[in-house]
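# An overview of the molecular structure
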Amino acid sequence: MIVAEQKPIEEIREMIAGCKKVMVAGCNTCVAICFAGGEKEAQILASVLTIAAKKAGENQEIIDQTVQRQCEWEFLDQFKENIADCDAVISLACGIGIQGLAERYPNKKVLPGVNTTFLGFPVEAGVWAERCAACGECILGITAGICPIARCAKSLLNGPCGGSQGGRCEISADTPCAWQLIYDRLKEQGMLEVMERINTPKLWSKSSGPRKIERDDLKAVTSEEKSPESKDKG
Amino acid sequence: MRVECPTNVKIVEVPCTGRVDILHILKALEKGADGVCVIGCLEGECHFLEGNLRARKRVGYVKDILKSLGIEEERVDMYNLSAAMGQRFAEIMAEATEKVKKLGPSPVRRADERFSNSD
């Protein structure tokens, strides 16, 4: 899931300074699971901003609305009524949703209420750790299901490096060495010979953007495709 | 028990303080409450095991929010006592009321009064 973190209140207040009516737009998918921007968080932020505005003697109305996802046009349409008379919208969705909202309502001032951080897993209550770097060329099949691109500080393909001490990465004692984890799991699976392979460099051009995927089999049927006669006339 | 208790406290009963949400506390402050007390069972004696411990964490979170807003964090606090301790309950009510009185009216209530006066 995409993991995000809510921005500090002071930063958000600064962004909406001078606005008379502000909407806090929540998203009930990834950001809800990491407790950064779901329905509850949107309500809490709206309440906090209301308290802050009243304390500062400002006449600022804050409303909130949450949809299932902000990365689908059908869900973004649901904001239409409430967004109409708002001067600004603070979106608590990930960067994808914030941009979706901004594109759907191009005349509205859309502001980010969260910092989108990484693709990660909720390892335990209250803890989310990065797991995937979206490199576009997955090698999890040869690394015992542990990603060295995301979990190794140097994204080594043939680790570990000399900084791996006691199973920990040299950057921090809290960070396990990804290659140690890979070694341990390969050993458990009786597949240590995989470690002896030299992994060749990745096609890094696949991991940087702006990326796009097009599937012709899933695209909408065009009018030409619908009526073959029009093809002959053309 | 015939124990005296301040009359300015609005009591909201919940089955366990674990039911109290951050939003509940914030909404009370938003609507003009000068202070909020969350009163739960003695630690280690929660009937639902961890409810009062979770409540303490949430009260801590609200205190952090208040600090970042420049509002006195002492307005919100957590107290622990057993349901049998009537005398202590009255003491807590008096203690909390005194503490909040010293801090003065909530800045939110002052703002609401200002707006309604200017209408």
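Residues numbered from 1 in each chain as written. Chains lettered and ligands numbered in written order. Predicted model: local features only at pLDDT ≥ 70, side-chain atom pairs only at ≥ 80, totals over all residues.

### Brief notes about the overall build of chain B
Scanning chain B for helices and strands turns up four helices and two strands. In chain B, the succession of α and β elements from N to C terminus is α-β-α-β-α-α. The C-alpha atoms of chain B give 15 Å as radius of gyration, which agrees with the globular expectation for 119 residues (14 Å, within 12%). Seen through its principal axes, chain B has C-alpha atoms that stretch 50 × 35 × 20 Å. Per-residue burial for chain B yields a buried fraction of 25% across its 119 residues. The contacts of chain B with a sequence gap of at least 6 include a subset with a gap of at least 24, amounting to 69%. (Helix = DSSP H or I, 4+ residues; strand = E, 2+ residues; numbered from the N terminus. Rg over C-alpha atoms; globule rule 2.2 N^0.38 Å. Buried ≥ 20, exposed ≤ 12 C-beta atoms within 10 Å, placed from the backbone. Contact = placed C-beta atoms within 7 Å.)

### A closer look at the domain arrangement of chain A
The assigned domain composition of chain A is domain 1 (2-117) and domain 2 (133-200). Computed over C-alpha atoms, the centres of domain 1 of chain A and domain 2 of chain A are 38 Å apart. (Domains from an automatic or database assignment.)

### Considerations on the interface of chain A and chain B
The interface is formed by 13 residues belonging to chain A together with 15 residues belonging to chain B. Looking at the side of chain A that touches chain B, the elements with two or more residues in it are helix H1 (9-15) and helix H3 (39-55) of chain A. No other element matches H3(A), which puts ten residues into the side of chain A that touches chain B. In the side of chain A that touches chain B, the residues fall into five nonpolar, four polar and four charged. (Nonpolar A, V, L, I, M, F, W, Y, C, P; charged D, E, K, R; others polar.)

### Focus: the packing of H3(A) against helix H1 (residues 22-30) of chain B
Where H3(A) meets H1(B), the axes come as close as 9 Å, and the angle between the chain directions of the two elements is 25 degrees. Put simply, H3(A) runs roughly parallel to H1(B). With respect to the hand of their crossing, H3(A) and H1(B) are arranged in left-handed fashion. On the side of H3(A), the interface is formed by Lys40(A), Gln43(A), Ile44(A), Ser47(A), Val48(A), Thr50(A) and Ile51(A), while H1(B) contributes Ile22(B), Leu23(B), Leu26(B), Lys27(B), Leu29(B) and Glu30(B). (Axes fitted to C-alpha atoms, helices over the stretch in contact; angles between N-to-C directions. Parallel < 35°, antiparallel > 145°, perpendicular 65-115°, else oblique. Left-handed = near helix turned anticlockwise from the far one by under 90°.)

### Comments concerning the packing of H1(B) against helix H2 (residues 51-69) of chain B
Residue and element names in this part refer to chain B. At a minimum axis distance of 9 Å, the contact between H1 and H2 shows a crossing angle of 45 degrees. Between H1 and H2, the angle is such that the two are oblique. H2 is crossed by H1, and the crossing has right-handed handedness. Contact residues: H1 offers Ile22, Ile25 and Leu26, while H2 offers Arg58, Tyr61 and Val62. Grouping the constituent residues of the contact of H1 with H2 by class yields five nonpolar, no polar and one charged.

### Let's talk about the nonpolar core
Most often, soluble globular proteins keep nonpolar side chains buried together rather than apart. Residue and element names in this part refer to chain A. One finds Val24, Val31, Val89, Ile90 and Leu92 to be the most contacted residues of the largest nonpolar core, which totals 62 residues. Element by element, the count of residues in this core is highest for H3, at nine residues. The contact partners of leucine 92, leaving out residues within four places of it in the chain, are Val24, Ala25, Gly26, Cys27, Val31, Ala36, Gly37, Glu41, Ala42, Gly113 and Val114. Counting residues in each nonpolar core, the second largest holds ten residues, with Cys147, Ile149, Trp179 and Tyr183 among its members. (Core = buried A, V, L, I, M, F, W, Y, C linked by C-beta atoms within 7 Å.)

### What to know about the sheet that holds strand S1 (residues 2-6) of chain A
All names here are of chain A. Taken together, three strands build an open sheet; the order of strands is S1-S6-S7 and the sheet is antiparallel. Each end of this open sheet is capped by a strand with a single partner; those strands are S1 and strand S7 (127-132). Between one strand axis and the next, the sheet turns through 70 degrees on average, direction left out of account. As paired strands, S1 and strand S6 (residues 114-124) are joined by five bridges and run antiparallel to one another. Across the sheet, alanine 4 pairs through a bridge with threonine 116, a residue of S6. (Pairing = 2+ DSSP bridges.)

### Here's the deal with unusual backbone geometry
Residues and elements named next belong to chain A. In this chain, glycine 159 is followed by proline 160 through a cis amide linkage whose omega measures -5 degrees. One can find proline 160 in the loop between helix H7 (148-151) and strand S8 (168-169). Between glycine 209 and the following residue, proline 210, the backbone shows a cis peptide bond with an omega angle of -5 degrees. The backbone phi angle of alanine 144 is positive, close to 50 degrees, even though this residue is not glycine. Positive phi, close to 50 degrees, is recorded for serine 155, a residue that is not glycine. With respect to the secondary-structure elements, serine 155 resides in the loop between H7 and S8. Its 17 C-beta neighbours within 10 Å are what place serine 155 among the partly exposed residues.

### Considering the environment of Leu140(A)
Residues and elements named next belong to chain A. With respect to the helices, strands and loops of the structure, leucine 140 is situated in the loop between S7 and H7. Given 12 C-beta atoms within 10 Å, leucine 140 falls into the exposed group. Leucine 140 sits 82 residues away from threonine 222 along the chain, and the two C-alpha atoms are 38 Å apart.

### A short note on the sheet that holds strand S3 (residues 61-67) of chain A
All names here are of chain A. Here we have four strands laid out as an open sheet, ordered S3-S2-S4-S5, and parallel in their pairing. Of all strands in the sheet, those bounded by a partner on one side alone are S3 and strand S5 (109-112). For this sheet, the mean inter-axis angle between neighbouring strands, taken without regard to orientation, is 25 degrees. Taken together, the four bridges between strand S2 (residues 21-27) and strand S4 (residues 88-91) define a ladder with parallel strand orientation.

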